[in-house]
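What the coordinates show
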Amino acid sequence: MKIDFGATAADYAKHRAGFPSSLFNKLSEYGIGLPGQNIVDLGTGTGTLARGFADRGAYVIGIDPSASLLEQARQLSESAQLKVDYRVATAENTELPDASADVVTAGQCWHWFDRLRVVQEITRILRKNGSLAIAHFDWIPLKGNVVDATEQLIKAHNPAWNMGGGNGLYPLWLQDIGEGGFREIRTFSYDVFVSYTHEDWRGRIRASAGVGASLTPEEVEVFDQELATLLETKYPTPILQVHHRVWAAIAKSPQSNS
C-alpha cells in the first residue's frame, strides 16, 4: 500500500485535530518546549507540534519530505502569526549541523521512519543532555464506538490497510531509543475525548493513511459517502465525542554526545 499524505494535504490541514494543548503543558514539566529552546520537529507534516512549540517561545525547525504538507504548514503558521522554519528533508538525513538541537520531537510519524537510521541522526543533531520526545495522538477503537465502526469501513474499502485496532501505546519505540543509547527513558499516556461534527470526522478520515493517502480520488468519494450514511444511521448525534489517547516517550541524548 503506497502512502502519500501530500495527496490529502488540504483535508490533513483542516481536519486533523493536532495535539491537545495538555500535551505541551505535560512536556514542559520534563523541560521540553521551553522558551528559547532550539527544537527540531521530524515528520512535521502540517506542523501541529512545531506550531505548539513556537507558540510557547521556542525556535522550531520543521522537517518533512512532503512539500505539499509543508505548504499547508506554512499557511497555518502564518495565519496563527507563528514563525517556524519549515524545510523539505527526511528524518534520516535532516542536513542540519551536528549538536545543533536542544530537543528533537517526532509526532505521529515514528512508524514511517527507517528507525535505526533516525536514532543515529537524532543522536548526531542533539546537543549534550538534549532531549527526545516521541508523541502520538490516536483515536481508540472500542467495541461499538464510532472509531471501531469507521475502521471496519476503511478495511472493507482498503483490505491492504493494517493500521487499525490500535491501543495508542508504542513499547517498540522504547526499544529503538534504548538500544540507541538514550537515557532516562520515561513515558506517559492519558485519554481525551475530541469533539467532531460529522463533516469534520469525515474529513479526518479522508486525511488518514487508509483513505485519502492511499485510495484513488474516486474510491475516496465512494468511501466518504458510505461513512456519511453510517454516521447518520448509527451515530446520529450532531457532535461526536471521539475517544483518543495521548502517548509520549521522552529521553535524554546518549552520553557520548559531545
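On a predicted model such as this, the values are computed, not experimentally measured, just so you know. (Residues numbered from 1 in each chain as written. Predicted model: local features only at pLDDT ≥ 70, side-chain atom pairs only at ≥ 80, totals over all residues. Heavy atoms only, no water.)

**Some thoughts on the UniProt feature "domain: Methyltransferase type" (unreviewed entry) in the chain**
The feature "domain: Methyltransferase type" (unreviewed entry), as given by UniProt, occupies residues 40–134 in the numbering adopted here. Within residues 40–134, the helical portion is 34% and the strand portion 31%, while the C-alpha atoms at the span's ends are 12 Å from each other. (UniProt positions renumbered as here; feature names shortened; annotations may be inferred. Helix = DSSP H or I, 4+ residues; strand = E, 2+ residues; numbered from the N terminus.)

**Side note on the sheet that holds strand S6 (residues 183–197)**
Strand order in this open sheet of seven strands is S3-S2-S1-S4-S5-S7-S6, and the pairing throughout is mixed. With one partner strand each, in any of the chains shown, strand S3 (85–88) and S6 form the two edges of the open sheet. Between one strand axis and the next, the sheet turns through 20° on average, direction left out of account. Note: strand S1 (residues 38–42) against strand S4 (residues 101–107), four bridges, orientation parallel. Within S4, the position partnered with Asp-41 by the bridge is Thr-105. Strands strand S5 (126–139), S6 and strand S7 (239–252) of the sheet are contacted by helix H8 (residues 198–206), whose axis makes an angle of about 135° with S6. (Pairing = 2+ DSSP bridges. Axes fitted to C-alpha atoms, helices over the stretch in contact; angles between N-to-C directions. Contact = heavy atoms within 4.5 Å.)

**What about the nonpolar core?**
Counting 47 residues, the largest nonpolar core has Leu-23, Phe-53 and Trp-201 as its most contacted members. Those residues in contact with Leu-23 that sit more than four places away from it in its chain are Leu-49, Ala-135, Phe-188, Tyr-190, Val-246 and Ala-248. Within the second largest apolar cluster, 26 residues are counted, among which are Ile-61, Ile-63, Ile-125 and Leu-132. (Core = buried A, V, L, I, M, F, W, Y, C linked by side-chain atoms within 4.5 Å. Buried < 20%, exposed > 50% of the residue type's maximum accessible area, 1.4 Å probe, protein only.)

**Overview of the packing of helix H6 (residues 146–157) against helix H9 (residues 217–234)**
Across the interface, H6 lies against H9 with an axial gap of 11 Å and an inter-helix angle of 150°. Taken as axis vectors, H6 and H9 run roughly antiparallel relative to one another. For the crossing formed where H6 meets H9, the hand is right-handed. Across the interface between the two elements, Val-146, Ala-149, Thr-150, Leu-153, Ile-154 and His-157 from H6 touch Val-222, Phe-223, Glu-226, Leu-227, Leu-230 and Leu-231 from H9. Across the contact of H6 with H9, the residue classes tally to nine nonpolar, two polar and one charged. (Parallel < 35°, antiparallel > 145°, perpendicular 65-115°, else oblique. Left-handed = near helix turned anticlockwise from the far one by under 90°. Nonpolar A, V, L, I, M, F, W, Y, C, P; charged D, E, K, R; others polar.)

**Overview of the packing of aromatic side chains**
Inspection of the entire model under this criterion finds nine aromatic pairs. When the centroid spacing of 5.2 Å and the interplanar angle of 85° are considered together, the rings of Phe-24 and Phe-53 count as edge-to-face. With Phe-24 in helix H2 (residues 21–29) and Phe-53 in helix H3 (residues 48–55), this residue pair connects regions lying 29 residues apart in the sequence. Exposure class is identical for Phe-24 and Phe-53. Each is buried. On the basis of an interplanar angle of 65° and a centroid distance of 5.6 Å, the ring pair of Trp-139 and Trp-201 is categorised as edge-to-face. (Phe/Tyr/Trp six-rings, centres within 6.5 Å; stacked < 30°, edge-to-face > 60°.)

**Digging into unusual backbone geometry**
For residues other than glycine, phi is negative in most cases, and the peptide bonds are mostly trans. Despite not being glycine, Glu-95 shows a phi value in the positive range, around 65°. Residue classification places Glu-95 among the exposed residues on the basis of a relative accessible area of 61%. The phi torsion at Ala-99 lies on the positive side, around 45°, for a residue other than glycine.

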